[in-house]
Amino acid sequence: MKPDETEEFILLNQIVVTEEFLNSNPSVEKTLQVLNHAIRTGCLDEPIMINRDTKILRDGYRRYIAAQKVGMELVPIIYEK
């Protein structure tokens, strides 16, 4: 099953996460909701947004974290417009 708007799937380890995201403190409650959805369904609720050329994460850090925690190798992505 793939989330709506998914443009393609890529390997999670291809996504470049900037220091800005790594140093942020996402809401624990919201992160747990995303993680529980991934555990329950085996997929993310929405695609992760990345830059097409650089593969830099633009939106979806909580989904990125959840994918890491459940061991997803392929993740749904959309490209930044």
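Naming follows an unreviewed UniProt entry, where the protein chain appears as Plasmid stability protein of Peribacillus simplex.

> Give me the side chain of Asn51: which residues, what numbers.
Mapped onto the elements of the fold, Asn51 is located in the loop between β2 (48-50) and β3 (57-59). You can call Asn51 buried: its relative accessible area is 17%. In contact with Asn51, other than residues within four places in its own chain, are Ile56, Arg58, Tyr79 and Glu80.

> Lay out the pattern of salt bridges in plain terms, naming residues and giving numbers.
As enumerated under the stated definition, the model contains five salt bridges in all. Arg52 serves as the salt-bridge partner of Glu7, at 3.6 Å between the closest nitrogen and oxygen. Residue Glu7 is found in the segment before β1 (8-11), and its partner Arg52 is found in the loop between β2 and β3; the two are separated by 45 residues along the sequence. Taking the relative accessible area as the measure of exposure, Arg52 reaches 48% and is therefore partly exposed. The residue Asp59 makes a salt bridge to Arg63 at a minimum N-O spacing of 3.8 Å. Shared partners join several salt bridges into a network, and the residues in it are Glu7, Arg52 and Lys81.

The rules behind each value
Residues numbered from 1 in each chain as written. Predicted model: local features only at pLDDT ≥ 70, side-chain atom pairs only at ≥ 80, totals over all residues. Heavy atoms only, no water. Helix = DSSP H or I, 4+ residues; strand = E, 2+ residues; numbered from the N terminus. Buried < 20%, exposed > 50% of the residue type's maximum accessible area, 1.4 Å probe, protein only. Contact = heavy atoms within 4.5 Å. Salt bridge = Lys/Arg side-chain N within 4 Å of Asp/Glu carboxyl O.

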